[in-house]
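Here are the chains, one letter per residue:
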There are 2 protein chains.
Amino acid sequence: MSIPAALEALSSLLKDRLVRSKSDLDLHGRSETHFAPCPPDAVAYPQTTEEVAALMRICTEQGCPVVGWGAGTSLEAQALAIRGGVVVDFARMNKVLEIRPEDMDCTVQPGITREALNVDLRATGLFFPVDPGANASIGGMAMTRASGTTAVRYGTMRDNVLGLEAVLADGRVIRTGTRARKSSAGYDLTGLLVGSEGTLGLITELTLRLQGQPEAVSSGVCAFDRIEDAVAAVMETIQMGIPMARIEFVDAAAAAAFNAYAGDTLPECPHLMIEFHGSDAGVAEQARRFGEIADEHNGKGFRWSSLEEDRRALWAMRHNGYYAILASKRGAQALVTDICVPISRLAQAVEETRADIAASIIPGPILGHVGDGNFHAILLVDPERPEELDEAKRLSHRMVERALTLGGTATGEHGVGVGKLDYMAREHGQAWDVMGEIKRALDPQGILNPGKLVRGN
Amino acid sequence: MSIPAALEALSSLLKDRLVRSKSDLDLHGRSETHFAPCPPDAVAYPQTTEEVAALMRICTEQGCPVVGWGAGTSLEAQALAIRGGVVVDFARMNKVLEIRPEDMDCTVQPGITREALNVDLRATGLFFPVDPGANASIGGMAMTRASGTTAVRYGTMRDNVLGLEAVLADGRVIRTGTRARKSSAGYDLTGLLVGSEGTLGLITELTLRLQGQPEAVSSGVCAFDRIEDAVAAVMETIQMGIPMARIEFVDAAAAAAFNAYAGDTLPECPHLMIEFHGSDAGVAEQARRFGEIADEHNGKGFRWSSLEEDRRALWAMRHNGYYAILASKRGAQALVTDICVPISRLAQAVEETRADIAASIIPGPILGHVGDGNFHAILLVDPERPEELDEAKRLSHRMVERALTLGGTATGEHGVGVGKLDYMAREHGQAWDVMGEIKRALDPQGILNPGKLVRGN
Ligand SMILES: Cc1cc2nc3c(=O)[nH]c(=O)nc-3n(C[C@H](O)[C@H](O)[C@H](O)COP(=O)(O)OP(=O)(O)OC[C@H]3O[C@@H](n4cnc5c(N)ncnc54)[C@H](O)[C@@H]3O)c2cc1C
Ligand SMILES: Cc1cc2nc3c(=O)[nH]c(=O)nc-3n(C[C@H](O)[C@H](O)[C@H](O)COP(=O)(O)OP(=O)(O)OC[C@H]3O[C@@H](n4cnc5c(N)ncnc54)[C@H](O)[C@@H]3O)c2cc1C
């Protein structure tokens, strides 16, 4: 039982689709954030479910770790093979298998990216709404239970995956869910797999809910002097039930970074960026009501537009936010935090975080999907100065403690990976043990993404 | 290890809250449908989580089956102790623990009924939207993953439970979920427990999402000559993205039963019953758009009203539908079917079902939450005539086969219980084995609701 024996068998299974070149290993050993590189022993590029099942049987027989890979954009080092073994890159399983406009669903392979899927959907008048900004793979998004800017309206991957095909540790291929919109037929295995970060199985197919493209879309920006005011406006908007499609917070430091990166001209103060979806009349009414709420909370210069180009410019700015912030400190790496709290605690959580960062030695602009109570401080560290990473970890730790104390979670959307593992016991108590028991029932040898998500994995 | 020894220990734990009177056993041995009565050995009425945990430890030690009981309204004999043992009735754990209007959530004990909860919520301007018609308990609704008339707008129990407290088979008390609106912190244990029919643990607390009472509500009825037309109108309404709050189908036989039961005066033909939630302008626009669609599909006499009394009368009629239908055949019992199919297959599924029933020896009016693709034929049998139950089972079997062939599920909302157990292998394939593996990991002795949901339980 050994990794070399597994690689030998895998290489006769996959031929040149088992790759061990340094460049490929390096590419699959990096993450987008501050984690140290950690190349796997090999990268596999399967093309069919049968190949994935055969691969899994080999790895089980040889006790070789198996780690899925979508687009590699996850932020907590989820896709790094920290115990070695084989990374399974789904780049060649990236097809749309079926689109069923009349049922507003589709079936895809895991490697397709959300942007490619939306291009394929365009002609149908439908779209897949979950939008983490990064051009992530649908399989990776399901595995981290991703969400992003539109979750406030359309939900997260939890809400938008109807069913899965998965290959379990022992090579069994299962299908979960049906194409019915709801079911009470037993345990929700789809829901159990979504968010499992590849620790229970590899996903080889996904059936997704789609949404109709709204008749009208408009978007806008509103500036605030104070964080409290911006957050209070968000809270009231949500409580009034205004069906916001997006409602994003950006602090003054983030606004400054956007300006410097792309020549934007935002006033350097907190902002909300919003989008409305609906009928022409509906969108106008929503914008009017939001405008009134913003006014009451000293919002300034709220303007909205239905022009496609304005909208694209706004969201390009927001979606480049991470890179703009990274660029604001030369040579920096980021520790990205991701707490989510009940909406009534959002102002407190953001303000205390802001104050903590202001008193620290490192910068940390804040961005957030605040309609869900979720925000990120992008803590910027110089990789040459270990004291900065220590400081970022201290700030991150305080954020998580704060979130848990306020009834929230250590990670609203980025997942556990390596970076949040140490908080699972605190967040879940004995329920974390139960996760481990489920893991061991389905993967007794612990070959699936070892070192992640559950205790002692 | 024995049931009598367990009862002795339970009786010193609970004193007069462990009941063995014939009347109480009989009450907890019946279901609302055709299943033969099956009284448990005792009924327990715990008052605290600690008592539930102590009870569970005793039952595990003695190998005594434990079956939860909410309001006993489930339709597949889920709450019957078919292997004997103790039924745990949550009637005395029925408090609202906390309502947090600013976060639009609340925490309740499992025994509270949805009607009682909504009375308590009234002053807050919020409501709990899941509405199975019956005045079920919130705990029971979570355990069957209930939905009902409003799921098309607000989702099912899957979407509306944020977190749980549960007592596992070994007496451990776990908490799942947080009060954050979303989280990526590990396996979704809340989602795993919802719909588990008491086979993985007893639920002692639930945190629920609430909804703001809409500014305006209006409702209406529309008649159709043909089932196909009614269903086509539903499909188009859903595909156009009109945010219906309710869209219910009733066939001619059901309309006739409603008339006979409560003196209603519906024309005896298929109908849609609808409700709109929104702003005054929004509701009017939705009604107008729905009216146009209904017109195109030969809908007749669509009228809508915002009067509270009209609305109450309409939904009282619909919610009494089951009893109206039962009363339409003297002394009848019902076998209630519950298939759910992709919306594009709904017309076919309803029509073929209708034709099957028309050709059979028993009546079977059809009702459905058709916005989700879910409908019920209420198959009426004379309990004295076994051939009628056989016929109902044959018809039900054909419906399930049809649903599965069309990409749907054997049960959209009622759950598995005893009645749908035989279809789980067909619906889930090997994924059903995986459910069994999870069950055995968490309840190795199989004391929690034995005989239900998983194979060989
Ligand atoms: C600039 C930037 C902005 C971002 N913004 C957001 C945001 O707003 N919201 C948000 O939610 N996330 C955000 N992210 C994080 C990231 O995009 C998400 O975590 C995304 O879901 C990762 O998808 P991926 O395809 O890159 O997955 P990967 O990183 O490749 O993998 C993620 C996890 O899934 C596993 N995996 C991948 N494919 C499979 C498979 N087929 N079977 C089994 N396991 C598999 C991997 O092993 C790993 O554990 C952002 C990232 C960046 C770089
Ligand atoms: C007239 C009528 C109409 C109906 N219409 C609908 C409908 O439209 N939609 C729908 O979804 N359902 C409908 N139902 C079915 C029923 O109301 C639901 O299944 C409901 O969820 C059952 O809730 P209950 O409190 O009665 O649960 P029970 O019947 O008491 O129990 C249901 C299951 O949950 C378990 N359980 C109960 N409480 C707990 C607990 N605290 N911990 C662990 N396990 C527990 C039981 O063991 C059992 O397995 C209808 C029923 C009737 C009689």
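Residues numbered from 1 in each chain as written. Chains lettered and ligands numbered in written order. Predicted model: local features only at pLDDT ≥ 70, side-chain atom pairs only at ≥ 80, totals over all residues. Heavy atoms only, no water.

- An unreviewed UniProt entry lists chain A under the name D-lactate dehydrogenase (cytochrome), with Mesobacterium hydrothermale given as the organism.
- Quoted verbatim from the Cofactor (unreviewed entry) field of UniProt, the annotation for chain A is "FAD". (UniProt positions renumbered as here; feature names shortened; annotations may be inferred.)

1. As for the pattern of salt bridges
1) Next: In this structure the tally under the stated criterion is 73 salt bridges over all chains.
2) Next: With its nearest N and O atoms 2.8 Å apart, the salt bridge here joins Arg288(A) to Glu292(A). With Arg288(A) and Glu292(A) both in helix H11 (residues 280–296) and four residues apart, the pair spans about one turn of that helix.
3) Next: Overall, the relative accessible area of 45% leaves Arg288(A) in the partly exposed class.
4) Next: Asp356(A) is paired through a salt bridge with Arg402(A); the nearest N and O atoms lie 3.2 Å apart. With Asp356(A) in helix H14 (residues 346–358) and Arg402(A) in helix H15 (residues 386–405), the pair connects residues that are 46 residues apart, well separated along the chain. Per residue, the accessibility class of Asp356(A) equals that of Arg402(A), and both read buried.
5) Next: Via salt bridges that share partners, Arg114(B), Glu115(B), Asp131(B), Arg246(B), Glu275(B), Glu308(B), Arg311(B) and Arg312(B) belong to a single interconnected network. (Salt bridge = Lys/Arg side-chain N within 4 Å of Asp/Glu carboxyl O. Helix = DSSP H or I, 4+ residues; strand = E, 2+ residues; numbered from the N terminus. Buried < 20%, exposed > 50% of the residue type's maximum accessible area, 1.4 Å probe, protein only.)

2. A closer look at the site of ligand 1
All names here are of chain A.
1) Next: Near ligand 1 lie 37 residues; those nearest to it are Gly68, Gly70, Ser74, Pro132 and Ser137.
2) Next: In this structure, an oxygen atom belonging to ligand 1 sits 2.7 Å away from a main-chain N or O atom of Thr73.
3) Next: In this structure, Asn449 approaches ligand 1 through a side-chain N or O atom, which is 3.4 Å from an oxygen atom.
4) Next: For ligand 1, the protein covers 97% of the area, taking 980 Å² as the surface of the free molecule.
5) Next: Of all elements in the fold, only strand E3 (66–69), helix H5 (138–144), strand E10 (201–209) and helix H13 (321–327) reach the threshold of two or more residues within the shell around ligand 1.
6) Next: In terms of residues, the shell around ligand 1 owes the most to one element, H5, which gives five residues. (Near = heavy atom within 4 Å. Polar contact = N/O pair within 3.5 Å; in protein donor to acceptor, adjacent residues only side chain to side chain. Areas by Shrake-Rupley, 256 points an atom, 1.4 Å probe, with all protein chains shown as cover.)

3. A look at the sheet that holds strand E4 (residues 86–89) of chain B
Residue and element names in this part refer to chain B.
1) Next: Read from one edge to the other, the open sheet built from four strands follows the order E1-E2-E4-E3, with strand pairing classed as mixed. Edge positions in the sheet fall to strand E1 (18–19) and strand E3 (66–69), since each has one partner strand and no second.
2) Next: Across three bridges, the pairing between strand E2 (residues 42–44) and E4 is parallel. Following the sheet pairing, Ala44 is matched in E4 by Val88.
3) Next: Set on the sheet, helix H3 (residues 49–62) makes contact with E2, E3 and E4; between it and E3 the angle comes to about 150°. (Pairing = 2+ DSSP bridges. Contact = heavy atoms within 4.5 Å. Axes fitted to C-alpha atoms, helices over the stretch in contact; angles between N-to-C directions.)

4. Details of the packing of helix H9 (residues 227–239) of chain A against H14(A)
Two measures define how a pair of helices packs: the angle their axes make with one another and the distance between the axes.
Residue and element names in this part refer to chain A.
1) Next: Between H9 and H14, the shortest axis-to-axis distance is 9 Å and the interhelical angle comes to 155°. Here H9 lies roughly antiparallel to H14, going by the angle between them. As for the relative orientation of H9 and H14, their crossing is right-handed in sense. Contacts between H9 and H14 involve Ile227, Glu228 and Val231 on the former and, on the latter, Leu346, Ala347, Val350, Glu351 and Arg354.
2) Next: Looking at the contact of H9 with H14 residue by residue, the class counts come to five nonpolar, no polar and three charged. (Parallel < 35°, antiparallel > 145°, perpendicular 65-115°, else oblique. Left-handed = near helix turned anticlockwise from the far one by under 90°. Nonpolar A, V, L, I, M, F, W, Y, C, P; charged D, E, K, R; others polar.)

5. Observations regarding the side chain of Arg246(A)
All names here are of chain A.
1) Next: Structurally, the position occupied by Arg246 is in strand E13 (residues 244–250).
2) Next: A relative accessible area of 9% means that Arg246 is categorised as buried.
3) Next: Looking at Arg246, its side chain comes within polar contact range of the side chain of Asp131, at 2.6 Å.
4) Next: Looking at Arg246, its side chain comes within polar contact range of the side chain of Glu275, at 3.0 Å.
5) Next: When residues no more than four places from it in sequence are discounted, the contact partners of Arg246 are Asp131, Thr149, Thr150, Val152, Met273, Ile274, Glu275, Trp315 and His319.

6. Digging into the site of ligand 2
Residue and element names in this part refer to chain B.
1) Next: In the vicinity of ligand 2, 37 residues are found, and the nearest of them are Gly68, Thr73, Ser74, Pro132 and Ser137.
2) Next: Residue Thr73 places a main-chain N or O atom 2.7 Å away from an oxygen atom belonging to ligand 2.
3) Next: Protein contact buries 97% of the 990 Å² of open area that ligand 2 shows by itself.
4) Next: Residue assignment for the shell around ligand 2 shows that the elements contributing at least two residues are E3, helix H5 (138–144), strand E10 (202–209) and helix H13 (321–327).
5) Next: With five residues, H5 is the largest single contributor of residues to the shell around ligand 2.
6) Next: Grouping the constituent residues of the shell around ligand 2 by class yields 17 nonpolar, 17 polar and three charged.

7. Focus on the relation of the copies chain B and chain A
1) Next: At an RMSD of 0.0 Å, chain B and chain A line up after a rotation of 180° and a shift of 0.0 Å along the axis. The superposition operator between the copies reduces to a two-fold rotation axis.
2) Next: A shared interface surface links the copies, since 100% of the contact residues of chain B are contact residues in chain A too. (Least-squares fit on C-alpha atoms with pLDDT ≥ 70 in both.)

8. Points about the domain arrangement of chain A
Where interface size is quoted, it is often the accessible area lost as the parts come together.
Residue and element names in this part refer to chain A.
1) Next: Taken domain by domain, chain A comprises domain 1 (3–91), domain 2 (96–212), domain 3 (216–323) and domain 4 (331–436).
2) Next: Once you take the C-alpha centre of each, domain 3 and domain 4 turn out to be 23 Å apart.
3) Next: Each partner contributes to the interface: domain 3 provides 17 residues, whereas domain 4 provides 18 residues.
4) Next: Between Asp251 and Arg354 there is a salt bridge; the shortest N-O distance is 2.1 Å. (Domains from an automatic or database assignment.)

9. Regarding unusual backbone geometry
1) Next: Even without a glycine there, the phi angle at Lys15(A) is positive, about 55°.
2) Next: Locating Lys15(A) in the fold gives a position in the loop between helix H1 (3–14) and strand E1 (18–19).
3) Next: You can call Lys15(A) exposed: its relative accessible area is 56%.
4) Next: Notably, Asn449(B) is not glycine yet its phi reads approximately 45°, a positive angle.
5) Next: Residue position: Asn449(B) is located in the segment after helix H17 (430–442).

10. Some words on the side chain of Thr33(B)
All names here are of chain B.
1) Next: Here Thr33 shows up in the loop between helix H2 (22–27) and E2.
2) Next: For Thr33, a relative accessible area of 5% corresponds to the buried category.
3) Next: Look past the residues within four positions of Thr33 in its chain and what remains in contact with it is Leu75, Tyr322, Ala334 and Val336.

11. Quick notes on the pairing of E10(A)
Residue and element names in this part refer to chain A.
1) Next: E10 sits mainly inside the fold: eight of its nine residues count as buried.
2) Next: Examined bridge by bridge, strand E6 (residues 105–108) and E10 share four bridges and lie antiparallel to one another. From the neighbouring strand, Val108 faces E10, where its bridge partner is Leu206.
3) Next: Both strand E8 (residues 161–168) and E10 contribute to a ladder of seven bridges, which runs antiparallel. The residue of E10 that forms the bridge with Leu164 is Leu206.

12. Remarks on the sheet that holds strand E9 (residues 173–176) of chain A
Residue and element names in this part refer to chain A.
1) Next: Taken together, the five strands give an open sheet; going across it, the order is E5-E6-E10-E8-E9, and neighbouring strands pair in antiparallel fashion. The strands lining the two open edges of the sheet, one partner per strand, are strand E5 (96–100) and E9. Neighbour-to-neighbour, the strand axes of the sheet open up by a mean angle of 15°, direction not taken into account.
2) Next: Looking at chain direction, E8 and E9 are connected through four bridges and run antiparallel. Residue pairing in the sheet places Leu164 in a bridge with Thr176 of E9.
3) Next: Packed onto the sheet, helix H3 (residues 49–62) meets E8, E9 and E10 and runs at close to 45° relative to E8.

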